[in-house]
Amino acid sequence: MNPILVLLPAAPAGGLIAGAAEAIGAAASIGTPIAVVTGPADALPGLAEQAASFGAARVHTAVVEGAELGAPAADAFEAAARLVQPELVLVPATVEGREAAGRLAARLRAPIAADIVGVARDEQGVVVRHSVYGGAYDVESAATYGPLIATMRLGSIDDRAEAAAPDVQPLEVTASGWRAATIESFEPIAQVSTRPDLRTAKRIVSGGRGLGSKEQFALIEQLADTLGAAVGASRAAVDAGYVEPSAQVGQTGTSVSPDLYLAVGISGAIQHRAGMQTAKTIVAIDRDASAPIFEIADLGVVGDLFTIVPQLTAALEARKG
Amino acid sequence: MKIVVLLKPVPDTYGQRVLDLETGLADRAASETVIDEIGERALEAALQHAEQAGDAEVVVLSMAPAESQSALRKGLAMGAASAVHVADERLAGADYVRTAEVLAAALRKTGFDLVITGDASTDGTGGVMAAMLAEMLDAPGITRLESLEITADAVRGTRATDGGTMVVQAALPAVVSVTEALPDPRFPALRGIMNAKKKPVEQLTLDDLPLDEVGAALDETAAPRSIMTSVAERPPRSAGTIITDEGDAGERIAAFLAERRLA
């Protein structure tokens with residue numbers, strides 16, 4: 001039955017970490033998805049049910065609460081891996097997901113494949129796919145033997161599994177007592193918008209230094225809202241303070257691969273392109289006809305964004321009727 | 001107090017980065033090798049603490065091919081007191097676990113109160129090293145610190161995590177990783193560059209490391225590894241239609257999106 005174990009720590013702000021449905025979908029495409037969910041006791045039944053609704057054939061649960069960082073969840077994931085003996089361990093590559101994957105790999109001394117964008121099976125077993133150097137190379141990797149632990153880039157996998165009837169089994173976990181850091185407090189990021197998550201959005205509108213100011217960056221937000229898109233930005237726009245750092249797309253920000261990437265006032269430095277050039281369709285608006293972003297745009301428009309963007313937003317609104 | 005900062009020599013992201021299609025390894029000759037910027041930020045944080053506290057020694061550590069030593073020198077030029085360079089041909093193509101084992105063993109040998117590393121490198125983008133090192137060294141680990149405050153026996157700071165930020169602290173010895181939110185690294189001054197030439201660089205091979213102390217074997221094949229099974233260059237993206245705005249570009253983009261069912 002080729003068990004594929006999916007690690008799903010609870011997000012500190014509540015709920016499963018992002019990418020849970022994708023990871024279970026990917027697991028179902030090559031084997032039987034078995035989830036292990038950790039979190040506070042009161043939230044655990046709901047989290048387990050959610051994992052089953054994403055298609056996990058079985059859900060192991062373990063209570064992880066309190067102030068210790070990292071190690072207690074790792075104890076649960078280690079116990080689950082030893083019990084399930086999976087062929088592959090899949091983990092959404094969020095902050096807590098990477099932490100879980102790294103700790104489990106160190107404990108099992110099982111190989112890690114990081115930031116994968118696809119899974120497949122060949123006659124020798126599980127193979128995972130990577131998009132390397134900003135999408136310039138397609139690479140496949142595998143474990144020489146034993147389980148492989150893979151962190152999965154969010155938004156990279158379209159597979160979704162059918163919902164499964166909840167089969168929830170609490171795990172027996174022996175606390176390792178490993179030395180851990182202490183969490184003093186947690187402050188959730190205020191949800192200021194209902195816009196899609198940049199990491200998984202199908203459409204992204206990104207603004208660059210060409211916007212000129214934080215106030216004028218609102219043009220990007222209006223266009224994004226009209227398209228139902230996430231808001232992205234170049235590093236230059238982030239460094240200039242037009243938008244929060246979490247919006248940064250590129251080598252040192254988020255790597256995205258949406259259906260539509262609309263770049264506005266972004267010249268397209270190599271570090272920005274490395275984070276977005278695998279988008280299916282790229283549209284670029286910039287004043288400078290020699291901007292490198294035009295080398296990869298499906299539609300490039302040379303002109304003044306301050307007239308083009310409002311016109312585009314109005315035209316899209318008009319089309320919606 | 002000894003603070004060890006991990007520096008990773010990587011292909012410069014400002015240039016074209018090339019994978020060797022025969023071996024699947026980075027073609028180090030094809031692009032300039034530089035210290036990953038996030039490592040420079042980690043070093044900056046360590047140096048700032050050392051300057052304020054006065055009693056801290058900052059050491060930089062890399063596992064990298066012998067020819068990458070010039071990149072490590074930059075760490076010395078910025079102000080680190082000494083460098084440890086693990087270079088061994090047997091480590092070419094080492095996977096994450098092997099790399100973590102080697103770094104952990106080197107850290108055991110060097111000794112540390114605090115290890116600071118970047119949260120993810122620009123070439124591997126894995127973001128798992130700090131968590132692995134914390135486990136292998138049985139030390140508290142904190143990933144993705146956006147700020148850090150080091151005292152004689154603890155490290156404390158804000159950690160950027162999924163959906164929010166945490167204030168976290170750990171008793172030393174500890175392993176932490178830092179994000180881009182940390183202050184920009186300093187440029188080495190000429191005096192620093194001159195001094196760097198006189199600073200000690202300890203050269204280590206696998207045979208010098210206490211691998212058994214971190215549960216690792218000298219023989220790389222003694223444990224399962226992650227291996228690359230294929231590598232292909234993606235065809236470069238070609239430019240599509242480029243138009244110059246004649247007053248109707250907004251309308252034309254809207255039509256283009258509608259045609260492709262993207263609006």
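Residues numbered from 1 in each chain as written. Chains lettered and ligands numbered in written order. Predicted model: local features only at pLDDT ≥ 70, side-chain atom pairs only at ≥ 80, totals over all residues. Heavy atoms only, no water.

### Quick word on the overall build of chain A
Consideration 1: What chain A contains, in helices and strands, is 8 helices and 16 strands.
Consideration 2: Taking 321 residues into account, the globule formula puts the C-alpha radius of gyration at 20 Å, and chain A, at 21 Å, falls close to it.
Consideration 3: Considered along the principal axes of its C-alpha atoms, chain A spans approximately 60 × 45 × 40 Å.
Consideration 4: Counting only residues that meet the buried cut, chain A has 58% of its 321 residues in that class.
Consideration 5: The contacts in chain A between residues at least 6 apart in sequence include a share of 67% that link residues at least 24 apart.
Consideration 6: Accessible area for chain A stands at about 12,100 Å²; split by element, carbon and sulfur atoms hold 49% of it. (Helix = DSSP H or I, 4+ residues; strand = E, 2+ residues; numbered from the N terminus. Rg over C-alpha atoms; globule rule 2.2 N^0.38 Å. Buried < 20%, exposed > 50% of the residue type's maximum accessible area, 1.4 Å probe, protein only. Contact = heavy atoms within 4.5 Å. Areas by Shrake-Rupley, 256 points an atom, 1.4 Å probe, with all protein chains shown as cover.)

### Quick word on the packing of helix H4 (residues 95-108) of chain A against helix H4 (residues 129-136) of chain B
Consideration 1: Viewed as axis vectors pointing N to C, H4 of chain A and H4 of chain B meet at an angle of 40 degrees, and their least axial separation amounts to 8 Å. Here H4 of chain B runs oblique to H4 of chain A, going by the angle between their axes. Here H4 of chain A runs over H4 of chain B; the crossing is right-handed. Contact residues: H4 of chain A offers Glu99, Gly102, Arg103, Ala105, Ala106 and Arg107 of chain A, while H4 of chain B offers Ala131, Met132, Ala134, Glu135 and Met136 of chain B.
Consideration 2: Grouping the amino acids of the contact of H4 of chain A with H4 of chain B by side-chain chemistry returns 6 nonpolar, 1 polar and 4 charged. (Axes fitted to C-alpha atoms, helices over the stretch in contact; angles between N-to-C directions. Parallel < 35°, antiparallel > 145°, perpendicular 65-115°, else oblique. Left-handed = near helix turned anticlockwise from the far one by under 90°. Nonpolar A, V, L, I, M, F, W, Y, C, P; charged D, E, K, R; others polar.)

### Thoughts on the side chain of Glu40 of chain B
Residue and element names in this part refer to chain B.
Consideration 1: Structurally, Glu40 is set in helix H1 (residues 37-53).
Consideration 2: Here the side chain of Glu40 touches Lys74 through a polar contact of 2.9 Å, side chain to side chain.
Consideration 3: Those residues in contact with Glu40 that lie beyond four places of it in its chain are Leu7, Ile35, Lys74, Met78 and Pro185. (Polar contact = N/O pair within 3.5 Å; in protein donor to acceptor, adjacent residues only side chain to side chain.)

### Overview of the pattern of salt bridges
Consideration 1: Under the defined criterion, the tally for this structure stands at 36 salt bridges over all chains.
Consideration 2: A salt bridge links Lys202 of chain A to Asp158 of chain A, with the nearest nitrogen and oxygen atoms 3.2 Å apart. You can see Lys202 of chain A sitting in the loop between strand S11 (181-188) and strand S12 (203-207) and its partner Asp158 of chain A sitting in the loop between strand S9 (148-152) and strand S10 (168-170), a full 44 residues away along the chain.
Consideration 3: Because the salt bridges share partners, they merge into one network encompassing Asp75, Glu78, Arg82, Glu96, Glu99, Arg103 and Arg107 of chain A together with Glu135 and Arg159 of chain B. (Salt bridge = Lys/Arg side-chain N within 4 Å of Asp/Glu carboxyl O.)

### Describing H4 of chain A
All names here are of chain A.
Consideration 1: For H4, with 14 residues, the first-to-last C-alpha span of 20 Å sits near the 20 Å given by 1.5 Å per residue.
Consideration 2: Counting buried positions along H4 gives 12 out of 14 residues, so the element sits mostly inside the fold.
Consideration 3: Along H4, the residues classified as buried are Val95, Glu96, Gly97, Glu99, Ala100, Ala101, Gly102, Arg103, Leu104, Ala105, Ala106 and Arg107.
Consideration 4: Between a side-chain oxygen at the N-terminus of H4 and the backbone nitrogen of Glu96 the separation is 3.4 Å; the capping residue is Thr94.
Consideration 5: A positive phi of about 50 degrees marks Arg109, the residue just after H4. (Expected span 1.5 Å × (residues − 1).)

### A short note on the domain arrangement of chain A
Residue and element names in this part refer to chain A.
Consideration 1: As assigned here, chain A comprises domain 1 (3-182) and domain 2 (203-320).
Consideration 2: On a C-alpha basis, the centres of domain 1 and domain 2 stand 33 Å from each other.
Consideration 3: Between domain 1 and domain 2, the residue contacts involve 6 residues of the former and 5 residues of the latter.
Consideration 4: Both faces combined, the contact of domain 1 with domain 2 buries some 370 Å², and carbon together with sulfur accounts for 42% of it.
Consideration 5: Three residues stand out in domain 1 for area buried against domain 2, namely Gly134, Gly135 and Arg153, and they jointly supply 70% of the buried area on that side.
Consideration 6: Across the contact surface, domain 1 and domain 2 share 0 salt bridges.
Consideration 7: The interface formed by domain 1 and domain 2 includes 1 residue pair in polar contact (both at pLDDT 80 or more). (Domains from an automatic or database assignment. Buried area = accessible area lost by both parts, 1.4 Å probe.)

### Examining the interface of chain B and chain A
Consideration 1: Contacts between chain B and chain A engage 93 residues on the former and 87 residues on the latter.
Consideration 2: Both sides together, the interface formed by chain B and chain A hides about 7,500 Å², and carbon and sulfur atoms give 53% of it.
Consideration 3: By the criterion of area lost to chain A, the three top residues of chain B are Glu135, Asp162 and Arg237 of chain B, representing 11% of everything that side buries.
Consideration 4: Seen at the junction of chain B and chain A, the total is 10 salt bridges.
Consideration 5: The salt bridge involving Glu37 of chain B is made with Arg235 of chain A; its shortest N-O contact spans 3.4 Å.
Consideration 6: The interface formed by chain B and chain A holds 49 residue pairs in polar contact (both at pLDDT 80 or more) in total.
Consideration 7: Here the element with the most residues in the side of chain B that touches chain A is helix H6 (residues 249-259) of chain B; it accounts for 9 residues.
Consideration 8: Taken together, the 7 bridges between strand S8 (residues 137-143) of chain A and strand S12 (residues 226-233) of chain B define a ladder with antiparallel strand orientation. When the bridges of S12 of chain B are listed, Asp138 of chain A appears paired with Ala232 of chain B. (Pairing = 2+ DSSP bridges.)

### Let's talk about the side chain of Glu101 of chain B
Consideration 1: For Glu101 of chain B, the position within the fold is in helix H3 (residues 96-110).
Consideration 2: A relative accessible area of 3% places Glu101 of chain B in the buried class.
Consideration 3: Within polar-contact distance, the side chain of Glu101 of chain B engages the side chain of Arg109 of chain A at 2.9 Å.
Consideration 4: If we skip the residues at most four places from it in the chain, Glu101 of chain B touches Arg109 of chain A together with Met136, Leu211, Val214, Gly215, Ala216 and Arg225 of chain B.

### A few points about unusual backbone geometry
Consideration 1: Residue Pro173 of chain B is bonded to the preceding Leu172 of chain B through a cis peptide linkage, with omega at 0 degrees.
Consideration 2: Within the fold, Pro173 of chain B resides in the loop between strand S9 (164-171) and strand S10 (174-178).
Consideration 3: Of note, Asp115 of chain A is a non-glycine position whose phi angle comes to about 60 degrees, a positive value.
Consideration 4: Counting through the fold element by element, Asp115 of chain A comes out in strand S6 (residues 112-122).
Consideration 5: The residue Arg144 of chain B is not glycine, and still its phi comes out positive at about 55 degrees.
Consideration 6: Structurally, Arg144 of chain B is set in strand S7 (residues 141-150).

### Comments concerning the sheet that holds strand S1 (residues 3-9) of chain A
Consideration 1: The strand order across the open sheet formed by 10 strands is S10(A)-S3(A)-S2(A)-S1(A)-S5(A)-S9(A)-S6(A)-S7(A)-S8(A)-S12(B), and the pairing between neighbours is mixed. Of all strands in the sheet, those with a lone pairing partner are S10 of chain A together with S12 of chain B, marking the two edges. Pairs of neighbouring strands in the sheet enclose a mean axial angle of 30 degrees, with direction left out of account.
Consideration 2: In the sheet, S1 of chain A pairs with strand S5 (residues 88-92) of chain A via 3 bridges, with the strands oriented parallel. Bridging from a neighbouring strand, Val6 of chain A pairs with Leu90 of chain A of S5 of chain A.
Consideration 3: Where helix H1 (residues 20-30) of chain A meets the sheet, it contacts S1, strand S2 (32-39), S5, S6, strand S7 (125-132) and S9 of chain A, and its direction lies at approximately 175 degrees from that of S1 of chain A.

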